[in-house]
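Residues per chain, in single letters:
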Amino acid sequence: MARSKPSRGAAKNKSDTVATVKAQYEDLPYPERNPADEKKRLLLGSPSGLPEIEHYLYGGRLDRSKPFRVLVAGGGAGDALIMLAQQLADAGVAADIHYIDLSTASRAVAEARAEVRGLAGITFHTGSLLEIESLGLFDYIDCTGVLHHLPVPQEGFQSLARALAPQGGLGLMVYGALGRTGVYDMQAMLRAITGAEDDSGAKVTVARRLLDASPPTNRLLRNPYLTDHKEGGDAGLYDLLLHSTDRAYRVPELAAEIDQAGLRLVSFVEPARYDPGFYIRDKELLTRLSALDPIERAGFAELLAGNMSKHIAYCVRADNADAGPPEGPTAGAVPVLNLSPDFKGVASGLKELPITLDGLTVKNPLPPLGIEMLKRCDGRRSLDTIRREIGGLDWFRFKPQFDMLYKPLSGLNKLLLRFP
Ligand SMILES: C[S@@+](CC[C@H](N)C(=O)[O-])C[C@H]1O[C@@H](n2cnc3c(N)ncnc32)[C@H](O)[C@@H]1O
């Protein structure tokens, strides 16, 4: 597995660091994707699905009749780009979508995927998200898994903040420190025993040998919730264990970056996981926790859970006071099952819906009509239509049953609302 030899090792300055990062993704576009698979399935993820953008940033009220300008910053092999471009096309929204990445090899994969799907209206750029002034302002920016690879992440946050339209929104993902337990141990060991003389293929081989040789007490081996080194091919393993420029965030650190860039955090995803009350029932503890501010509470929840390997956040400009999730369901609201499980084979008598979050299984109690409601949350039917379809219960009996679904499932990003 001989590959080209990107210059690696300790980067001396910012441009060396960026060149090393670019070389990695020229060599190993991430994630590994085969454009032909676009014929078989649409990959969904978070952030940047259209239902999420509409729910978290536009209160469920995105004006779909207006053209929508999107930037996918550090778009890699195109996962967010393809998902959002396809969803906008399916929704009939006129979109002007821009993709930018340092890596021409990653761009080629993303372009090929768009071509297989026949997606139009995408402009591809090769370059840095730090140099996007000429692209204009955007209604939505996706930046997933990129900012933590910049030599100075704050420069990236600021560049994206400057590119947001006044009512625009940013969906970002950065690594979470606690759920990445063991990653940085492995990175340190691999730095110690590989060097500039090893090409990426040799480094991947050494990493696999080290994983095989590690005792079961090793912190990465004891962390079952990271899978890139097992399931992500060479690109996934390299990205996780051999990256030259990689940092992870605790909640307060991420909040400080957002704040410093002149942005406002609208919501974490999944929001319930950032609330200590999601885990704790003890009243004395909850009373003490109520004295903390929202970021302190979110940071507490992160420490308590200990399993967050990434943080997904929706943000807007600090001067945009309007943005945010909808207040709650009304008869005209259209519920959307997000990243939906398949309810076709699920028995109507099911009493609870288990959802597993990085090792933590939450059993959500279901109301009597819960499964029949969920089957119809397709992003087209309003709640009133659903109510009539499943027996015409009057609204005041129907609504509490729907609330029993909406409150927990929206907290886990599984059930969202739009108000067409
Ligand atoms: C881990 S990959 C994530 C790709 C994609 N966003 C995803 O989530 O699948 C990081 C990507 O960011 C790109 N990248 C890193 N620094 C960048 C920069 N300053 N400007 C643009 N792209 C950058 C890399 O080339 C790489 O494709």
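Residues numbered from 1 in each chain as written. Predicted model: local features only at pLDDT ≥ 70, side-chain atom pairs only at ≥ 80, totals over all residues. Heavy atoms only, no water.

Draft legend 1. Structural view of the overall build of the protein chain. Of regular secondary structure, the protein chain possesses 15 helices and eleven strands. Here the C-alpha radius of gyration of the protein chain, 22 Å, is about what a compact globule of 420 residues would show, namely 22 Å. By principal-axis analysis of the C-alpha atoms, the protein chain measures approximately 70 × 50 × 45 Å. As presented, the protein chain carries roughly 18600 Å² of accessible surface, and 54% of it is formed by carbon and sulfur atoms. Taken as two groups, the 50 positive and 52 negative side-chain charges of the protein chain have centres that lie 4 Å from each other. (Helix = DSSP H or I, 4+ residues; strand = E, 2+ residues; numbered from the N terminus. Rg over C-alpha atoms; globule rule 2.2 N^0.38 Å. Areas by Shrake-Rupley, 256 points an atom, 1.4 Å probe, with all protein chains shown as cover. Lys, Arg positive; Asp, Glu negative; His and termini not counted. Charge placed at Lys NZ, Arg CZ, Asp CG, Glu CD.)

Draft legend 2. Geometry of the confidence of the model for the protein chain. Per-chain confidence: the protein chain averages 94 in pLDDT, with 95% of residues scoring 70 or above. Confidence over residues 1-11 falls short of pLDDT 50; this stretch has 30 contacts with residues more than four positions distant or in other chains. (pLDDT = per-residue confidence, 0-100. Contact = heavy atoms within 4.5 Å.)

Draft legend 3. Here's a closer look at the environment of K375. Tracing the backbone through its elements, the reader meets K375 in helix α13 (residues 370-375). On the basis of relative accessible area, K375 is assigned to the partly exposed category, the value being 36%. Remark: the alpha-carbon pair of K375 and I386, spanning eleven residues in sequence, is separated by 9.6 Å. At a separation of 3.4 Å, a polar atom in the side chain of K375 contacts the side chain of E372. (Buried < 20%, exposed > 50% of the residue type's maximum accessible area, 1.4 Å probe, protein only. Polar contact = N/O pair within 3.5 Å; in protein donor to acceptor, adjacent residues only side chain to side chain.)

Draft legend 4. Local environment of the sheet that holds strand β7 (residues 310-317). Read across the open sheet, the seven strands follow the order β3-β2-β1-β4-β5-β7-β6; overall the sheet is mixed. Both outer strands of the open sheet, β3 (122-126) and β6 (263-269), are each paired with one neighbouring strand and no more. Averaged over all pairs of adjacent strands, the angle between their axes in this sheet comes to 20°, without regard to strand direction. The pairing of strand β1 (residues 68-73) with strand β2 (residues 95-101) spans six bridges and is classified as parallel. (Pairing = 2+ DSSP bridges. Axes fitted to C-alpha atoms, helices over the stretch in contact; angles between N-to-C directions.)

Draft legend 5. Looking closely at the domain arrangement of the protein chain. In terms of domains, the protein chain is made up of domain 1 (1-325) and domain 2 (334-418). Relative placement of domain 1 and domain 2: their C-alpha centres are 29 Å apart. Each partner contributes to the interface: domain 1 provides 19 residues, whereas domain 2 provides 16 residues. Both faces considered, domain 1 and domain 2 share a buried interface measuring about 1500 Å² in area, 60% of it formed by carbon and sulfur atoms. Applying the counting criterion to the domain 1 and domain 2 interface returns two salt bridges. (Domains from an automatic or database assignment. Buried area = accessible area lost by both parts, 1.4 Å probe. Salt bridge = Lys/Arg side-chain N within 4 Å of Asp/Glu carboxyl O.)

Draft legend 6. Representation of the layout of surface pockets in the model. One number sums up the size of the second largest pocket: a volume of about 580 Å³. P51, Q87, V336, D378 and G379 are, among the 22 residues lining the second largest pocket, the residues nearest its centre. Where the lining of the second largest pocket is concerned, the elements lending two or more residues are α2 (50-58), α3 (79-90) and β8 (334-337). Of the residues that constitute the lining of the second largest pocket, the class distribution is ten nonpolar, six polar and six charged. For the lining of the second largest pocket, the two domains that each supply at least three residues are domain 1 (1-325) and domain 2 (334-418). (1 Å grid on protein atoms, 1.4 Å probe; cavity = no way out; pocket = protein on both sides within 12 Å on 5 of 7 lines; lining within 4 Å. Points joined across faces, edges and corners; volume = space filled by probe spheres on them. Nonpolar A, V, L, I, M, F, W, Y, C, P; charged D, E, K, R; others polar.)

Draft legend 7. Local environment of the site of the ligand. Near the ligand there are 19 residues, and of these Y25, G74, D101, L129 and T144 occur at the shortest range. Between a nitrogen atom of the ligand and a main-chain N or O atom of G74, the distance comes to 2.7 Å. Side-chain polar atom of S128 to a nitrogen atom of the ligand: 3.3 Å apart, as the coordinates give it. Notes on the ligand: free accessible area 590 Å², of which the protein chains cover 95%. Residue composition of the shell around the ligand, grouped by class: eight nonpolar, nine polar and two charged. (Near = heavy atom within 4 Å.)

Draft legend 8. Up close: the packing of helix α7 (residues 200-213) against helix α9 (residues 233-241). At a closest axis distance of 10 Å, the pairing of α7 and α9 adopts a crossing angle of 75°. Classified by the interaxial angle, the pair formed by α7 and α9 is roughly perpendicular. Between α7 and α9, the residues in contact are S200, K203, V204, A207, R208 and L211 and G233, D234, L237, Y238 and L241, respectively. Of the residues contributing to the contact of α7 with α9, the split by class is six nonpolar, two polar and three charged. (Parallel < 35°, antiparallel > 145°, perpendicular 65-115°, else oblique.)

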